[in-house]
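If you want the building blocks of each chain, they are given just below.
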Amino acid sequence: LRLVGSEMCIRDRFNTEQKDLQIANLNEQNKLKEQQKILEDSRNRIKIYGIASAAVLFGIVGILLYVGTRRKKRINQFLKSTNESLGLKNAQISKQSEQISDSIDYAKNIQNAILPLKEDLDEMIPDHFVYYLPKDIVSGDFYWYYKIPDTQKIILAVADCTGHGVPGAFMSLVGHSLLDKIVKLHQIQSPDKILSRLGSELHGTLKKGSDTVKDGMDIVIVSIDLKSNKMLFSGARNQLFIVRGEKLTELKGDRIDIGKSKETQICTLQEFDLKKEDQVYIFTDGFPDQKGGETGKKYIMPPFRELVLENSKYNVDLQKSLFEAEFDKWREDQEQIDDVLIFG
């Protein structure tokens, strides 16, 4: 009986343990299923979030593309309208520029027309040259000539008006007109008196309006008697060179401002007895003031004197070519800074 009871107890315990083990296995399986379900749910949520995020991103990109396309279209329309407007304005500016250029070209013709005729100069001064190089189309430098009737006397003037281009050209027309009036109409023929009268006439002409004009001119006036070879000279801030053989003589003008004072200025008259082979050079400061060379500095007056003395050995046509060549060589690719005028 004891044995039988022991076996029964052992069997019951075994059965109980088996049931407990089965229950534990079931619980583990249930937990595993729950975890799988949770994992599946997480995966599903991630998919949903991913799809939603992608949809939002595509939506944003779509909106940006739409906005960008609209903006680009508006910009293109604006650019097209602007280009059309600029095209019209450029056409107007081009037309105005052409009209201005035509006007300045015509002004150049007028300015050239008032300069002395080469034929007139050749008749009285066969051996001469004029190196005339405006900085712009028209010039503030000018030269003036007059032969006193029934005599062998001539009057020459070389002037540098304040400024260049159109303002200088207007001044040159005024100066030329005043010289005609003073010498031809009022019969004033001495260079110092011409210069004094020119100063007062120029000041009166420029100060007639309410605005003050601070312009004037640097000028040399000479009177030469081709019969006696006597030369009279008067100048304002400009000089004159005379070359005799290997010697250069300089006659300097007064340090006065022509046209800037209402008072009649007393100008110095200088006399010089010329000889047959003497060479006379009247010029403005355009050549010696030109910047160039390796250092980009001015040519300056001392080298210009040496150039005049060296060139004086040759005939007048070659001299002009030599001055032109030296100026171009010195200037090279630099801008011309002023009008150039040499009367030899």
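Residues numbered from 1 in each chain as written. Predicted model: local features only at pLDDT ≥ 70, side-chain atom pairs only at ≥ 80, totals over all residues. Heavy atoms only, no water.

Chemist: Report on the overall build of the protein, specifying residues and quantitative values.
Modeler: Tallying secondary structure elements over the protein gives 6 helices and 12 strands in all. Its C-alpha radius of gyration of 49 Å places the protein more than 25% over the 20 Å reference for a compact globule of 344 residues. Expressed along its principal axes, the backbone C-alpha trace of the protein runs to roughly 180 × 45 × 40 Å. Intrachain contacts of the protein at a sequence separation of at least 6 include 66% that bridge at least 24 residues. Within the structure as shown, the protein displays about 21900 Å² of accessible surface, and the carbon and sulfur contribution to it stands at 55%. Across the protein, 49 positive and 51 negative side-chain charges occur, with their mean positions spaced 12 Å apart. (Helix = DSSP H or I, 4+ residues; strand = E, 2+ residues; numbered from the N terminus. Rg over C-alpha atoms; globule rule 2.2 N^0.38 Å. Contact = heavy atoms within 4.5 Å. Areas by Shrake-Rupley, 256 points an atom, 1.4 Å probe, with all protein chains shown as cover. Lys, Arg positive; Asp, Glu negative; His and termini not counted. Charge placed at Lys NZ, Arg CZ, Asp CG, Glu CD.)

Chemist: So what's going on with the sheet that holds strand E1 (residues 130–133)? Residues and values would help.
Modeler: In a beta sheet, neighbouring strands are held together by backbone hydrogen bonds and run either parallel or antiparallel to one another. If you walk across this open sheet you meet the 5 strands as E1-E12-E9-E6-E7, and the pairing is antiparallel. At either margin of the open sheet sits one strand with a lone partner, and together these are E1 and strand E7 (247–252). When the angles between neighbouring strand axes are averaged without regard to direction, this sheet yields 20 degrees. Sheet topology note: the strand E9 (residues 279–283)/strand E12 (residues 340–343) ladder contains 2 bridges and is antiparallel. Among the inter-strand pairings, Phe283 is bridged to a residue of E12, identified as Ile342. On top of the sheet, helix H5 (residues 301–311) reaches strand E6 (239–244), E7, E9 and E12; it is set at about 35 degrees to E6, its chief contact. Along the sheet, helix H6 (residues 316–331) contacts E1, E9 and E12; its crossing angle with E1, the most-contacted strand, is approximately 30 degrees. (Pairing = 2+ DSSP bridges. Axes fitted to C-alpha atoms, helices over the stretch in contact; angles between N-to-C directions.)

Chemist: Could you give me a rundown of the nonpolar core, with the residues and numbers involved?
Modeler: Core analysis: the biggest nonpolar cluster contains 51 residues, and Ile219, Met231 and Leu240 have the highest contact counts within it. With 7 residues, the single largest contributor to this core is strand E3 (residues 153–161). Grouped together as the second largest cluster of nonpolar side chains are 17 residues, Phe129, Tyr281, Tyr299 and Val308 included. (Core = buried A, V, L, I, M, F, W, Y, C linked by side-chain atoms within 4.5 Å. Buried < 20%, exposed > 50% of the residue type's maximum accessible area, 1.4 Å probe, protein only.)

Chemist: Can you tell me about the pairing of strand E4 (residues 217–225), naming the residues and giving the values?
Modeler: Where burial is concerned, most of E4 is hidden: 9 out of the 9 residues are buried. Covered by surrounding structure in E4 are Met217, Ile219, Ile221, Ser223 and Asp225 together with Asp218, Val220, Val222 and Ile224, the residues of both alternating faces. Relative to E4, E3 runs antiparallel, the two being bridged by 9 bridges. Within the sheet, the bridge partner assigned to Cys161 lies in E4 and is Met217. Inspection of the sheet shows E4 paired to strand E5 (residues 230–236) by 7 bridges, in the antiparallel sense. Bridge pairing links Asp225 to Lys230 in E5. Between E4 and E5, which pair antiparallel in sequence order, lie 4 residues; one of them, Asn229, sits at a positive phi of approximately 65 degrees.

Chemist: Help me get a handle on the sheet that holds strand E8 (residues 270–273), residues and values and all.
Modeler: The 5 strands lie next to each other as E2-E3-E4-E5-E8, forming an open sheet whose pairing is antiparallel. Of all the strands in the sheet, the pair left with one neighbour each is strand E2 (141–147) and E8. In this sheet, neighbouring strand axes are inclined to one another by 15 degrees on average, regardless of whether the strands run parallel or antiparallel. Pairing geometry for E2 and E3, over 7 bridges, is antiparallel. Considered in E3, the bridge of Trp144 is made with Ala157. Across the sheet, helix H4 (residues 191–206) is in contact with E3, E4 and E5; its angle to E4 comes to roughly 150 degrees.

Chemist: If you had to explain helix H3 (residues 165–185) to someone new, which residues and values would you point to?
Modeler: Counted at 1.5 Å a residue, the expected span for H3 with its 21 residues is 30 Å, and the 29 Å between its end C-alpha atoms agrees. For H3, the full list of buried residues reads Gly165, Gly168, Ala169, Met171, Ser172, Gly175, His176, Leu178, Leu179, Ile182 and Val183. (Expected span 1.5 Å × (residues − 1).)

Chemist: I'd like to hear about the packing of aromatic side chains, residue by residue, with values.
Modeler: Here the structure, examined in full by the defined rule, presents 15 aromatic pairs. Ring centres of Phe241 and Phe283 lie 4.8 Å apart, and the angle between their planes is 55 degrees; this geometry places the pair in the tilted category. Residue Phe241 is found in strand E6, and its partner Phe283 is found in strand E9; the two are separated by 42 residues along the sequence. Classification of Phe241 as buried rests on a relative accessible area of 0%. A centroid spacing of 5.1 Å and a plane angle of 80 degrees characterise the contact between Tyr299 and Trp330, whose relative ring orientation is edge-to-face. In this pair, Tyr299 is assigned in the loop between strand E11 (297–298) and H5 and Trp330 in helix H6, connecting sequence segments 31 residues apart. On the accessibility criterion, Tyr299 (7% relative accessible area) is buried. Of the aromatic side chains, those joined through ring pairs into one cluster are Phe129, Tyr131, Phe241, Tyr281, Phe283, Phe287, Tyr299, Phe304, Phe323, Phe327 and Trp330. (Phe/Tyr/Trp six-rings, centres within 6.5 Å; stacked < 30°, edge-to-face > 60°.)

Chemist: Tell me about a positive patch on the surface, and name the residues and values.
Modeler: Taken together, Arg70, Arg71, Lys73 and Arg74 make up a surface patch of like positive charges. Its place among the elements puts Arg74 in helix H1 (residues 2–114). With relative accessibility at 48%, the residue Arg74 sits in the partly exposed group. (Patch = residues over 30% accessible without salt bridge, like charges linked within 9 Å, V, L, I, M, F, W, Y side chains within 5 Å. Salt bridge = Lys/Arg side-chain N within 4 Å of Asp/Glu carboxyl O.)

Chemist: Give me the lowdown on the pattern of salt bridges, citing residues and values where you can.
Modeler: In this structure the tally under the stated criterion is 12 salt bridges. The partner of Lys181 in a salt bridge is Glu201, with the nearest N and O atoms 3.1 Å apart. Taken together, the residues span a long stretch of sequence, with Lys181 in helix H3 and Glu201 in helix H4 at a distance of 20 residues. Lys181 sits in the partly exposed class, given a relative accessible area of 33%. A salt bridge links Arg197 to Glu201; the nearest nitrogen and oxygen atoms lie 3.1 Å apart. Taken together, the residues Arg197 and Glu201, both in helix H4 and 4 residues apart, mark about one turn of the helix. A network of salt bridges, in which partner residues are shared, links Lys135, Asp136 and Glu335.

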